[in-house]
Amino acid sequence: MAAKREKSFQFVVIGGGIAGVTCVEELFTQVPSADVALVTAGPHIKAVTNFRQVSRTVEEFDVEERPSRVLQEKFPALTVIHSAVKALHARDHSVETEDGGVFGYEKLCICSGGRPKLLIQDNPYVVGIRDTDSAQEFQKRLSKARRIVVVGNGGIALELVYEVEGCEVIWAVKDKAVGNTFFDAGAAQFLIPSLEAAKPQEAALCKRPRYTTEEPGGVQTFTADRNSHKHGGWTNPGSALGPDWHQGIVLRGAEQVTRRVSVEYQCEVEKICTPEELLPSAEQTLKPDTVGSWPVYIQLTNGKAFGCDVIVSAIGVVPNTHPFLPGNSFALAEDGGLQVNDHMLTSEPDVYAAGDVCTACWEASPLWHQMRLWTQARQMGCYAARCMAAGVLSKAVELDFCFELFSHQTRFFNYKVVLLGKFNAQGLGSDHELLVRCTKGREYVKVVLSGGRMVGAVLIGETDLEETFENLILNQMDLTPYGEELLNPNIDIEDYFD
Ligand code: FAD
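Residues numbered from 1 in each chain as written. Predicted model: local features only at pLDDT ≥ 70, side-chain atom pairs only at ≥ 80, totals over all residues. Heavy atoms only, no water.

## Focus: the overall build of the protein
Inclusion rule: Only DSSP runs of H or I covering at least 4 residues are called helices, and only runs of E covering at least 2 are called strands; the numbering of each starts at the N terminus. Only protein chains enter the calculation, and the probe is 1.4 Å; a residue is then buried if its accessible area is under 20% of its type maximum, exposed if over 50%, and partly exposed in between. Contacts are residue-level and defined by heavy atoms, with any inter-residue pair within 4.5 Å sufficient. Accessible surface area values rest on a Shrake-Rupley calculation with a 1.4 Å probe, where residue burial reflects the displayed protein chains alone.
The secondary structure content of the protein amounts to 9 helices and 30 strands. Burial status across the protein gives 57% buried among its 498 residues. A separation threshold of at least 6 residues defines the contact pool for the protein, and within that pool the share at least 24 residues apart is 63%. Within the structure as shown, the protein displays about 21,400 Å² of accessible surface, and the carbon and sulfur contribution to it stands at 48%.

The structure is reproduced here in structure tokens:
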């Protein structure tokens, strides 16, 4: 039974990450007189700034971590409630917070993000990186480390292995190539030499956002964020980090080496154990001088074992759904996310969800798929707000154009990376062909064609091809007559299809 309500709002948004904050902003854009409450676990929110639409679907923006009063100053009608939601009473249209508050809503949007999947719970040597606090904790542990093992093959693992210096890194990936979440073996081959070379002294001009906390007298990068609140045996996380999360923190181990990365392919974690628990069979695969000299050991399914100081679990995130499930009947997707339809509505009436916490369960465009990235968190937050406001405004909303084509711009190993559509031929089976152009150390261009039409592309380096390829993917022009000429470096393709 829900307790007595303190106050009721027209709209309540849970979560001060990119999805939640964008949702709040768009609600006020749609309904300037809206009565909105943002309930968030910590004092800071993530603000999207300098938004730039690079092309029809590719976007670029900065993200700053700011005190929530910045949002209140912008929207005086906004109420910010600094407490974690501990229960949702969907039938009763109310949420209960950790500090005992009960708030009613007409429409609710859950934007509570995700938390790192950990290889093993409660092992002091295993860390996951998700928010400012966990990044700082990792930095502290790394500063005393001689060797770390990174497990995972997504964006966080990719960035970590490139950034960490002064420490040996063993990188365990379950695939045949690194970076499998984002690209294929060819692109991985292109990037691997960057791991073997020293990092450029002057970092390339950082076009991507940095996370900062505004301090009186200036903006300080990565000051401590108080977003973590322990309760009920789990840690309520701050907002997820994002691109360039490592800018401004020194990722340096205890050794003099610049970078030493070795990759263990096609393996998973068999066991994580103390020196005493190490099996004699695993001991045989260790260098004799390392037996017993590490605080933790990791055994991999390829038969190898390594001793190390820290194990980084970078195997993805689990949607943060647990406070909302008891007593309600949410339909959950296989990945544990709240299922949302093409109006970002969950299976509970008047409850919407956006960002990492939700799973898109509408019939997606053949060129779009969900990935838990901050671009999609922003797009979903914005679209959810439009859907929530539609009822008040009595107007119909159509699925936003951004869900037509998957697009993501980022940086890996200091290269600009643009991914478009089915960039890894996802879901195409053998029904596709690939065209590749590669100039070592400069660019890697891959185009995915299906039935003679472009359906995806991977662009690494300053290729300047994103807009042209985006158009070719969107207009589904038959490219059969052009064949391999499509990637002929001597043809100005932009001019050609102008
Ligand atoms: P979050 O940003 O996680 O925000 C969730 C919010 O909900 C937080 O404010 C939290 O305090 C609040 N909250 C949680 N539970 C409750 C509760 N019970 N009650 C109240 N409030 C609650 N994406 C990219 O696109 N490119 C990248 O290069 C990239 N790199 C990344 C690197 C790292 C290290 C990490 C961790 C993530 C990275 N991501 C990247 C992913 C990206 O950061 C996320 O997809 C995105 O931030 C998700 O936004 P969100 O608003 O859904 O969730």
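Having put the structure on the table, let's press on.
## Side note on the sheet that holds strand S17 (residues 260-264)
Inclusion rule: A pair of strands counts as paired when DSSP detects no fewer than two bridges linking them.
Strands sit in the order S10-S21-S11-S12-S17 across an open sheet of 5 strands; the sheet is parallel. The open sheet has two edge strands with one neighbour each: strand S10 (126-127) and S17. Here S10 runs beside strand S21 (residues 310-313); their pairing, made up of 2 bridges, is parallel. Paired with Val126 across the two strands is Ile311, which belongs to S21.

## A word on the sheet that holds strand S18 (residues 269-273)
Note the threshold: Interaxial angles span 0 to 180 degrees and are taken between N-to-C directions of axes, which are lines fitted to C-alpha atoms, for helices over the stretch in contact.
Here we have 3 strands laid out as an open sheet, ordered S18-S19-S20, and antiparallel in their pairing. Since the sheet does not close on itself, it has two edges, and those belong to S18 and strand S20 (305-308), each with one partner. Averaged over all neighbouring strand pairs, the angle between strand axes comes to 20 degrees, with direction disregarded. Where strand S19 (residues 296-300) and S20 come together, 4 bridges link them in antiparallel fashion.

## Overview of helix H3 (residues 132-142)
We apply this condition: This arc describes the spread of directions from the helix axis toward the C-beta atoms.
Residues of H3 that are buried: Thr132, Ser134, Ala135, Phe138 and Leu142. Seen end-on, H3 carries its buried residues on one side only, within an arc spanning 165 degrees. Check the buried side of H3 and you find it contacts strand S4 (59-67), S10, strand S11 (147-151), helix H4 (155-163) and S21.

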